[in-house]
Amino acid sequence: MEPLITNKEGGVFFITLNRPDFLNAINRDLLSALSSALHEADAPDVRAVVIKGMGRAFCAGQDLKEASAGKLDYEKHLELYNEVFLQIRRLEKPVIAGVHGVAAGAGMSLALAADLRLLSYSASFITAFARIGLAPDTGITATLPRLVGMGKAFELLALSPEINAVQALELGLANRLVSDDEFEETLIRWSTEIANGPTLVYGLVKRALNSNRATTLEEAVALEAELQGIAGGSRDHQEGLAAFLEGRKPRFQGR
Ligand code: T3D
């Protein structure tokens, strides 16, 4: 069975982790397939990316059977995880994690690397690293404190409680929460809506939020001005202005 399935519908590139018998735990094959899929998603006709899991979970993190078979040099292995994290963060288009069932360890890191998270009520998060005597990885130390603040991030990473979907929404780990029945349809509808948006601007929003350059207020406004220079010269901006003046909805091309 292929560890990962991809398909494109309209401007949305769907990536489905496909090891349902192991709650989509990430082994080497799945990790490299994920990296290849993210390369493929970096095409101009792709305007939004969805990452989701097959079966009853989003992803249970590193395949611990592979890890315990002693096949892993952790530091080396993390280069692959880090590559995937950076690919998601550097992709200048919205990445949406569709989380139903559990997202644990590197599975949670993967969900938090995305720009947006749609959860179903069956979703839960467990950082899980400390539970098995590991330090947090795959970018979660960069994303989690930004979403929930330092104190909560420490609690989640150190004590590793299970966070249910409602708690996740309250903490800011979810953008939207829907019933299990509505989940698939909402994921398709929402990602399609997003894929029809001003993709170039979404990419610039992501670049600005990723940036560590903005350490002072002066640097923050300077970066905003640089990115506005790009957005202000785009076709989508012209279309946005024209649509406003003509009293109609804009038809964005993503450029
Ligand atoms: O460099 C590096 O590689 C280090 C990177 C590490 C990053 C990490 O991700 S560390 C964290 C790793 N993940 C975990 O510690 C989570 C382990 N799994 C669990 O704690 C539980 O499975 C869950 C809480 C996620 C779900 O529990 P439950 O009761 O719903 O399901 P289950 O019965 O435990 O699991 C179902 C099957 O999936 C089961 O297989 P079986 O017995 O039916 O053949 C189970 O062994 C398998 N499975 C679940 N998680 C993993 C897994 N198999 C391999 N690796 C897993 N992570």
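Residues numbered from 1 in each chain as written. Predicted model: local features only at pLDDT ≥ 70, side-chain atom pairs only at ≥ 80, totals over all residues. Heavy atoms only, no water.

1. Comments concerning a nonpolar patch on the surface
Then step 1. On the surface, Leu 64, Tyr 74, Ile 132 and Leu 134 cluster together into a nonpolar patch covering about 360 Å² of accessible area.
Then step 2. With respect to the helices and strands, the residue Ile 132 is situated in the loop between strand 7 (124-126) and helix 5 (140-148). (Patch = residues over 30% accessible without salt bridge, like charges linked within 9 Å, V, L, I, M, F, W, Y side chains within 5 Å. Areas by Shrake-Rupley, 256 points an atom, 1.4 Å probe, with all protein chains shown as cover. Salt bridge = Lys/Arg side-chain N within 4 Å of Asp/Glu carboxyl O. Helix = DSSP H or I, 4+ residues; strand = E, 2+ residues; numbered from the N terminus.)

2. Quick look at the sheet that holds strand 3 (residues 48-53)
Then step 1. Spatial strand order, 1-2-3-4-6-9: six strands in an open sheet with mixed pairing. Only two strands of the sheet have a single partner each, and these edge strands are strand 1 (4-9) and strand 9 (176-178). Each neighbouring strand pair of the sheet contributes to a mean axis angle of 20°, computed without reference to strand direction.
Then step 2. Two elements, strand 1 and strand 2 (residues 12-17), share six bridges in a ladder whose sense is antiparallel. (Pairing = 2+ DSSP bridges. Axes fitted to C-alpha atoms, helices over the stretch in contact; angles between N-to-C directions.)

3. Points about the side chain of Gln 62
Then step 1. Here Gln 62 lies in the loop between strand 3 and helix 2 (64-68).
Then step 2. A distance of 3.3 Å separates the side chain of Gln 62 from the side chain of Glu 66, its partner in a polar contact.
Then step 3. Within the structure, the side chain of Gln 62 is placed 2.5 Å from the side chain of Tyr 81, a separation counted as a polar contact. (Polar contact = N/O pair within 3.5 Å; in protein donor to acceptor, adjacent residues only side chain to side chain.)

4. A look at the packing of helix 5 against helix 6 (residues 150-159)
Then step 1. Running from N to C, helix 5 and helix 6 point in directions that differ by 130°, and their axes come no closer than 7 Å. The angle between helix 5 and helix 6 places the two elements in the oblique class. Taken as a pair, helix 5 and helix 6 cross one another with a handedness that is right-handed. Touching Ile 140, Thr 141, Leu 144, Pro 145 and Val 148 of helix 5 are Met 150, Lys 152, Ala 153, Leu 156 and Leu 157, all from helix 6. (Parallel < 35°, antiparallel > 145°, perpendicular 65-115°, else oblique. Left-handed = near helix turned anticlockwise from the far one by under 90°. Contact = heavy atoms within 4.5 Å.)

5. So, the sheet that holds strand 5 (residues 102-104)
Then step 1. With mixed pairing, three strands are arranged side by side in an open sheet as 5-7-8. Two strands in the sheet have a free side with no partner beyond their single neighbour: strand 5 and strand 8 (163-164).
Then step 2. Relative to strand 8, strand 7 is paired through two bridges, and the arrangement is antiparallel. By the bridge assignment, Ser 124 is partnered in strand 8 with Asn 164.

6. Considering the site of the ligand
Then step 1. Taken together, the neighbourhood of the ligand is formed by 25 residues, with Ala 60, Gln 62, Leu 64, His 77 and Ala 106 sitting nearest.
Then step 2. Within the side chain of Arg 56, an N or O atom sits 2.9 Å from an oxygen atom of the ligand.
Then step 3. Note that a nitrogen atom of the ligand is positioned 2.9 Å from one of the backbone N or O atoms of Leu 64.
Then step 4. Considered on its own, the ligand offers 1,100 Å² of accessible surface; in the complex 68% of this is hidden by protein.
Then step 5. Elements that contribute at least two residues to the shell around the ligand include exactly helix 2 and helix 3 (74-90).
Then step 6. Sort the elements by how many residues they give to the shell around the ligand and helix 3 lands first, with four residues. (Near = heavy atom within 4 Å.)

7. Describing the environment of Leu 31
Then step 1. With respect to the element layout, Leu 31 can be found in helix 1 (residues 28-41).
Then step 2. Expressed as a C-alpha distance, the spacing of Leu 31 and Gly 197, which sit 166 residues apart in the sequence, is 29 Å.
Then step 3. Contacts of Leu 31, omitting those with residues within four sequence positions, involve Ile 26, His 77, Leu 80, Tyr 81 and Val 84.

8. Regarding the domain arrangement of the protein chain
Then step 1. What the domain assignment reports for the protein chain is domain 1 (4-195) and domain 2 (199-246).
Then step 2. Each of domain 1 and domain 2 has a C-alpha centre, and these two points are 27 Å apart.
Then step 3. On the side of domain 2, nine residues touch domain 1, which itself brings twelve residues to the contact.
Then step 4. When domain 1 packs against domain 2, close to 850 Å² is buried across both sides, 37% of that on carbon and sulfur atoms.
Then step 5. The tally of links from domain 1 across to domain 2 stands at two salt bridges.
Then step 6. Across the salt bridge formed by Asp 115 and Lys 206, the nearest N and O atoms sit 2.8 Å from each other.
Then step 7. Inspection of the domain 1/domain 2 interface yields eight residue pairs in polar contact (both at pLDDT 80 or more).
Then step 8. Residues of the side of domain 1 that touches domain 2, tallied by class, amount to six nonpolar, no polar and six charged. (Domains from an automatic or database assignment. Buried area = accessible area lost by both parts, 1.4 Å probe. Nonpolar A, V, L, I, M, F, W, Y, C, P; charged D, E, K, R; others polar.)

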